[in-house]
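# Structural overview
Each chain, written out:
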Amino acid sequence: MAERRAVEGLVNPAFWRNRRVLVTGHTGFKGSWLALWLDQLGAKVTGLALAAERPSLFEQARIAELVDHHEGDIRDPEVVDAVFAAARPEIVFHLAAQPLVRLSYEQPAETFATNVQGTVHVLDACRRAEGLRAVVCVTSDKCYENREWVWPYRETDPMGGHDPYSASKGAAELVIASYRRSFFRDGPLVASVRAGNVIGGGDWAKDRLIPDMIRALVSEQSVAIRSPDSVRPWQHVLEALGGYLMIAERLHGGERPVADGWNFGPADDDTQPVSWIADRMVETWGSGNWHTVDGPRPHEATLLRLDCSKARRELGWRPAWRLDTALDRIVSWHKAVAGGEDARAVSLAQLADYQARVAA
């Protein structure tokens, strides 16, 4: 595949118009942004997920008004099959997951059941779905066996994981590869996508850096930071979702080489430590401070980078916003919504801004 479409924009709106799309995990932060984008493109979106937590982007932006909303657990195969039968999807985005590293130490069995067996249930439903053309399974940058080295991880590096969350994502990748080879040689094309630490307006997850900072800044409290020297591939949520949409279009078009694993992360020179993020957030917010929390804590990776040259070379994908721009957008989103502006309107305005930047 030659590099292309860099000047055409990220996605093809005409492709998505009236396209039947099923999104698992649409009540989550990333799933809500994806459902909003798909609706803006004119797709007919069905969602399957657990009930949204409060607060959430799903509720703030009234995503339930835009999709055929089904509450259910992907750990229940009958629920998954019923929603597939109702949706008759042409494209599936599988995002439903237990997404937090530290929670996986408290709930390891639930984490593996959702992230591994839940993925099995979704792929098994895909195997039987008539008319399905493309499946995009979202895992994580933490699916790789982390060796704490300075080199970014490539799609060909081995799967692994120290904590239950990371191990569950590595195991999910093995499940996806197995189903692709065993059951989808002549059926729908299946890809897995591995994004970095996704950030953006409307993320209210507990025990996650940016939401923790927003809560502290709003309440005028000092932000508690666990690991100021840890480096992560931070990127705005729209960067990752744009890559997912590109993958889905190519899969639907029958491009079999795209049925593979893909990394989506920031530019090589735009990965930063936690302390840099904290300083920039405080500066952009206009007030506040942070402090380091001492004491024992569960193991978390210290250094993690992604090699995204494959996506740049073969898809023409590249980040549109630098990290400082992404943080500016997060602060402006939360200040606007806190000031009474409509969360959906604010989100759509940022989406339009992002699309314009990509097309520039």
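Keep in mind that this is a model prediction, so the values were computed, not measured. All residue numbers refer to positions counted from 1 along the written sequence of the respective chain. Note on the predicted model: pLDDT of at least 70 is required for a residue's local features to be given, and 80 or more for side-chain atom pairs to be given and counted; whole-chain, interface and lining totals, by contrast, use all residues. As a rule here, side-chain values come from all non-hydrogen atoms in the structure, and water together with hydrogens is ignored.

## Considering the overall build of the chain
- Numbering of helices and strands runs from the N terminus; a helix is a DSSP stretch of H or I covering at least four residues, while a strand is a stretch of E covering at least two. Per the secondary structure count, the chain includes 13 helices and 13 strands.
- Taken over the C-alpha trace, the chain has a radius of gyration of 19 Å; the compact-globule value for 360 residues is 21 Å, and the two agree within 12%.
- On the principal axes, the C-alpha backbone points of the chain span a range of 55 × 40 × 40 Å.
- Only protein chains enter the accessibility calculation, which uses a 1.4 Å probe; a residue whose area is less than 20% of its type maximum is buried, one above 50% is exposed, and one in between is partly exposed. In the chain, buried positions account for 57% of the 360 residues.
- Long-range pairs, those at least 24 residues apart, make up 81% of the contacts in the chain with a sequence separation of at least 6.
- Under the convention used here, a 1.4 Å probe and the Shrake-Rupley method define accessible areas, while residue burial counts only the protein chains that appear. Here the chain has roughly 14,800 Å² of accessible surface; of this, 49% comes from carbon and sulfur atoms.
- Counted as positive: Lys and Arg. Counted as negative: Asp and Glu. His and the chain ends are not counted at all. Note on charges: their place is set at NZ of Lys, CZ of Arg, CG of Asp or CD of Glu. Where the 42 positive side-chain charges of the chain centre and where its 48 negative ones centre are 5 Å apart. We compute the radius of gyration over the C-alpha atoms and compare it with the globule rule, which gives 2.2 Å times the number of residues raised to the power 0.38. We call two residues in contact when some of their heavy atoms are within 4.5 Å.

## Details of the side chain of Asp203
- You can see Asp203 is positioned in the loop between strand 7 (197-199) and helix 8 (209-218).
- According to the relative accessible area criterion, Asp203 is buried, its value standing at 3%.
- Counting of polar contacts relies on pairs of N or O atoms within 3.5 Å, with two restrictions inside protein: one atom must be capable of donating a hydrogen and the other of accepting it, and residues adjacent in sequence are counted only when both atoms are side-chain atoms. Separated by 3.1 Å, the side chains of Asp203 and Arg208 make a polar contact.

## Let's talk about the pairing of strand 11 (residues 261-264)
- Burial along strand 11 is two-sided: Gly261 and Asn263 and Trp262 and Phe264, pointing in opposite directions, are all buried.
- Strand pairing follows a simple DSSP-based rule, namely that at least 2 bridges must link the two strands. Relative to strand 11, strand 6 (residues 189-195) runs parallel, the two sharing four bridges. Note that in strand 11 the partner of Val193 across the bridge is Trp262.

## Re the packing of aromatic side chains
- Any Phe, Tyr or Trp ring, taking Trp's six-membered ring, that has another such ring centre within 6.5 Å forms a pair; planes under 30 degrees apart are called stacked, those over 60 apart edge-to-face, and the others tilted. With the rule as written, the count across this model stands at nine aromatic pairs.
- A ring pair is formed by Tyr144 and Tyr153, whose centres lie 5.7 Å apart and whose planes are at 10°; its orientation type is stacked. The same class applies to Tyr144 as to Tyr153, namely buried.
- Pairing Tyr244 with Phe264 gives two aromatic rings, centres 6.2 Å apart and planes at 70°, and the pair type is edge-to-face. Of this pair, Tyr244 sits in helix 9 (residues 237-252) while Phe264 sits in strand 11, placing them 20 residues apart in sequence. Each member of the pair, Tyr244 as well as Phe264, carries the same accessibility label: buried.
- In this structure an aromatic cluster arises from ring pairing among Phe15, Trp16 and Phe93.
- Against the face of Phe183 rests Arg127, its NZ or CZ located 4.5 Å from the ring centre. Either the NZ atom of lysine or the CZ atom of arginine qualifies as a charge over a ring when it sits within 6 Å of the ring centre and within 35 degrees of the ring normal.

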